[in-house]
Amino acid sequence: MKRAKDWLPGLLLVSPSIILVAIFVYGLIGQNIWTSLNVSRNVVTDKITNPGGWQNYTQLLGSADYQHALWNLLVLTVVFMGGTMIFGLLMAILLEKGINAEGVFRSVYLFPMAVSFIAAGVVWRWLLSPAEGPDQAIGLNQLFIKLGLPELQNAWWSADNRFSMAAMAIPAVWQLSGYVMALFLAGFRGISADQREAARIDGASEWQIYRFVLFPQLSPIALSALIILGHMSMKMFDLIYSIAGANSYQAAVPATLMWTQMFAQNDRVGAAVNATILLTIVAVVVVPYLIYTNRTEREMGS
Amino acid sequence: MTTTTDTAPPVPAPPKPRRTTGHAPGSKGSVRARTMRWVFLLLFGLFILLPLYVLIVTSLKVSSDVSASTAWSLPSQLSAQGWIDAWDQLAPPLGRSLILGVSVAVLSSILGAMNGFVFARWRFPGDTTVFTLFLFGMFIPYQAVMIPLQAMLLTVEGQAAWFQGIVKLIAVHTIFGIPICTLIFRNYYATALPKELLEAATVDGAGMLRTFRSIVLPISAPAFVVTMIWQFTSAWNDFLFALFLTTRQNGPVTYALNELAGGQNPDYPSIMAGVLLASLPTLVVYILLGRYFIGGLMSGSVK
């Protein structure tokens, strides 16, 4: 152990941040959990809306609205993560060998990352508008008519079926594919050319080179990308709020349902329960990942 | 990417294209394969640029020219009315967002530099635990703090009336930006700041603050650019905090854009012009400083 005189100044320099993070991250999380365990009554009828304690949790988890929102979140997450990973990987593969105008394509693919979800949501609300028929349809439906493919018209996220949330993943895929591309592109560029050359001399086909030489080395990047996309999906709010409106039932996910509980239903406690569950879901994914990367980093001796 | 320093260093920004990894363009691979590649590249490009076409074309139409059947056509006559209307509504919030973005960028970067320096080179007992606890703060869904945060800040506003709107958001974004900025600076100093240099400074009798000021800060510019761009962009693009903590009168541009777009009878030219106006600053940053922008993304696009 070093002498306190050596390390104390360091601790002092970070102490403002430690205090702020302690209060605003951990203190507020604690307070939110505390709120979620309260008893609450309807202000008008005085009927108990939340019985208090863990029953608040079983009540929300059991409610049809919440389960509907969870199902939507599952559909959204699967399509969003799958679509973004596939698109991003394809873009990276197309670009990784270096082509003319590579910089242009990279910039174009990445540009949606600079745009806010709210701004993107406004355009995509127009693109995904549900009206059909030549005189009514705008957005993609009208484009399908113009392209002579009217049978492709559909109501997108507001369609009346269990998988309509898949349409909400389209704008999210649009926004984040370029990011995944950038990650994979950096990964490809980090692999030395000798390895490919060696595999080629051994008679490996292009596909085999990707499959057995390149892809295995990209798996840490793929894991990071999956974690980042997964946790973005869990808390996705802006985009859905912007496209479907504030209190859409059809497009509800836990993050937007929390807004509805808080402001439309005036149920603070229920909203706090919802937020705590959301935090738990994210933590279950992220904490093992943080521990894992922390350990690998230490093993690498940094 | 978050905590991994092994996959790609956050700063300086991304590896330049290296032709050595593959074969030179056109040297191998059949004409058919190359054609296929271009077809796919262009298809992806089309998918990405489609909304941009809609935005630009619609923003230049007159309101009466916006009908279902002409939705995808070029404007029959060019009009700046949409842009003028959007500007009238968005100018004040655009100014507020500018103040927000710049203040947050500066404040977060200063805190990040201090923290990153300590976590990388002036370690204290328990620092890895503290750092991990910081990192988790980067991943939390902000919904999990929003209800008590809103109540707490309203109480403060009750005591000090100036603490409202943009001031609130500056404080909140600076605080919740601490983890990412700390991470970026820590990773930067871990590679860019030689231990020997610091040891020499210590031998010469320089204290921590003096070392920080005269040795560390002068080499920190690349990391500052990355965190400032990152924080500016996330503060500019944020909607969740804006929605919970500000109002129509004192909110940032994302709030105002949502109001503009949410009316009963949407006026598409001004809405689409509004989207472009509200996205212009971050797009300009992206176009001018793209390399650094990507550097920030690589080190942890987590918000």
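Note that the structure is a prediction, hence the values are computed from the model and not measured.

What counts, and at which threshold
Residues numbered from 1 in each chain as written. Chains lettered and ligands numbered in written order. Predicted model: local features only at pLDDT ≥ 70, side-chain atom pairs only at ≥ 80, totals over all residues. Helix = DSSP H or I, 4+ residues; strand = E, 2+ residues; numbered from the N terminus. Buried ≥ 20, exposed ≤ 12 C-beta atoms within 10 Å, placed from the backbone. Contact = placed C-beta atoms within 7 Å. Nonpolar A, V, L, I, M, F, W, Y, C, P; charged D, E, K, R; others polar. Core = buried A, V, L, I, M, F, W, Y, C linked by C-beta atoms within 7 Å. Expected span 1.5 Å × (residues − 1). Axes fitted to C-alpha atoms, helices over the stretch in contact; angles between N-to-C directions. Parallel < 35°, antiparallel > 145°, perpendicular 65-115°, else oblique. Left-handed = near helix turned anticlockwise from the far one by under 90°. pLDDT = per-residue confidence, 0-100.

1. Side note on the overall build of chain A
Phase 1: Summing up its helical and strand segments, chain A has 12 helices and two strands in all.
Phase 2: By its C-alpha atoms, chain A is 80 × 80 × 30 Å across when sized along the principal axes.
Phase 3: Taken across its 302 residues, chain A has 45% of its residues classed as buried.
Phase 4: In chain A, once contacts between residues fewer than 6 apart in sequence are set aside, the share between residues at least 24 apart is 65%.

2. Topic: the interface of chain B and chain A
Size of an interface: often given as the accessible area lost when the parts come together.
Phase 1: On the side of chain A, 90 residues touch chain B, which itself brings 84 residues to the contact.
Phase 2: With 11 residues, the single largest contributor to the side of chain B that touches chain A is helix α1 (residues 31-59) of chain B.
Phase 3: Across the side of chain B that touches chain A, the residue classes break down as 55 nonpolar, 24 polar and five charged.

3. Details of the nonpolar core
Phase 1: In terms of nonpolar packing, the biggest core is built from 177 residues, with Ile240 of chain A together with Phe117, Leu257 and Val275 of chain B touching the most fellow members.
Phase 2: Tallying contributions element by element places helix α7 (residues 165-189) of chain A first for this core, with 17 residues.
Phase 3: Sequence-distant contacts of Leu257 of chain B, that is, excluding residues within four places in its chain, are made with Ile118, Ala119 and Val122 of chain A together with Leu90, Gly274, Val275 and Ala278 of chain B.

4. Quick look at helix α9 (residues 221-237) of chain B
Phase 1: Taking 1.5 Å per residue, 17 residues should reach 24 Å; α9 of chain B reaches 24 Å between its end C-alpha atoms and fits that length.
Phase 2: Within α9 of chain B, 15 of the 17 residues are buried, which leaves the element mostly enclosed by the surrounding structure.

5. Some thoughts on the packing of helix α2 (residues 81-121) of chain B against α9 of chain B
Residues and elements named next belong to chain B.
Phase 1: α9 packs onto α2 with a crossing angle of 140 degrees between their chain directions and a minimal axis gap of 8 Å. The pairing of α2 with α9 is recorded here as oblique in orientation. Considering how the two elements wind past one another, α2 and α9 form a crossing that is right-handed. Residues Ser97, Leu100, Gly101, Val102, Val104, Ala105, Ser108, Ser109 and Gly112 of α2 form the contact with α9, whose own contacting residues are Phe224, Thr227, Met228, Gln231, Phe232, Ala235 and Trp236.
Phase 2: Its residues assigned to classes, the contact of α2 with α9 comprises nine nonpolar, seven polar and no charged.

6. A word on helix α11 (residues 253-261) of chain B
Because an α-helix packs 3.6 residues into every turn, residues spaced three or four apart end up facing the same way.
Phase 1: Burial analysis of α11 of chain B places eight of its nine residues in the buried class, the great majority of the element.
Phase 2: If you check which residues of α11 of chain B are buried, you get Val253, Thr254, Tyr255, Ala256, Leu257, Asn258, Leu260 and Ala261 of chain B.
Phase 3: Against the buried residues of α11 of chain B lie α5 (117-127) and α10 (238-244) of chain A together with α2, α9, α10 (240-245) and α12 (268-288) of chain B.

7. Re the confidence of the model for chain A
Phase 1: Here chain A shows a mean pLDDT of 89. Residues at 70 or above account for 98%.
Phase 2: The secondary-structure element of chain A with the lowest mean pLDDT is helix α6 (residues 139-146) of chain A, recorded at 86, while helix α3 (residues 64-96) of chain A shows the highest, at 95.

8. Remarks on unusual backbone geometry
All names here are of chain A.
Phase 1: The phi torsion at Asp46 lies on the positive side, around 65 degrees, for a residue other than glycine.
Phase 2: Examined against the element boundaries, Asp46 turns out to sit in the loop between β1 (40-41) and β2 (48-50).
Phase 3: Residue Asp46 is classed as exposed on the basis of its C-beta count, with 7 C-beta atoms lying within 10 Å.

9. Some thoughts on the confidence of the model for chain B
For residues with low pLDDT, the predicted coordinates do not support detailed interpretation.
All names here are of chain B.
Phase 1: Counting all residues, the mean pLDDT for chain B is 85, and 87% of those residues have values of 70 or more.
Phase 2: When pLDDT is averaged over each helix and strand of chain B, the minimum, 69, is found for helix α13 (residues 290-300) and the maximum, 96, for helix α5 (residues 166-176).
Phase 3: With pLDDT under 50 throughout, residues 1-27 is counted as low confidence; its partners more than four residues away or in other chains account for 80 contacts.
Phase 4: In the predicted complex, the global pTM is 0.88; the interface-specific ipTM is 0.90.

10. Observations concerning the environment of Met85 of chain A
All names here are of chain A.
Phase 1: In this fold, Met85 is placed in helix α3.
Phase 2: Through-space distance from the C-alpha of Met85 to that of Ala222 is 8.2 Å; in sequence the pair is 137 residues apart.
Phase 3: Excluding residues that lie within four positions of it along the chain, Met85 makes contacts with Val180 and Ala225.

11. Some details on the packing of α2 of chain B against helix α6 (residues 178-192) of chain B
The relative placement of two packed helices is expressed as an angle between their axes plus a distance between the axes.
All names here are of chain B.
Phase 1: The N-to-C vectors of α2 and α6 enclose an angle of 50 degrees; their axes lie 7 Å apart at closest approach. Our classification of the angle between α2 and α6 gives oblique. Judged by the twist between their axes, the crossing of α2 over α6 is right-handed. Across from Ser108, Ser109, Leu111, Gly112, Ala113, Asn115, Gly116, Phe117, Phe119, Ala120 and Arg121 in α2, the residues of α6 making contact are Ile178, Cys181, Thr182, Ile184, Phe185, Arg186, Tyr188, Tyr189 and Ala190.
Phase 2: The class makeup of the residues in the contact of α2 with α6 is 12 nonpolar, six polar and two charged.

12. Notes on the environment of Val253 of chain B
Phase 1: Position of Val253 of chain B among the secondary structure elements: in helix α11.
Phase 2: Separated by 23 residues in sequence, Val253 of chain B and Trp230 of chain B place their C-alpha atoms 18 Å apart.

13. Details of the environment of Gly82 of chain B
Residue and element names in this part refer to chain B.
Phase 1: Examined against the element boundaries, Gly82 turns out to sit in helix α2.
Phase 2: Along the primary structure Gly82 and Val62 are separated by 20 residues, whereas in three dimensions their C-alpha atoms are 7.2 Å apart.
Phase 3: Beyond its immediate chain neighbours, meaning those up to four positions away, Gly82 contacts Ser59, Leu60, Lys61, Pro269, Ser270, Met272 and Ala273.

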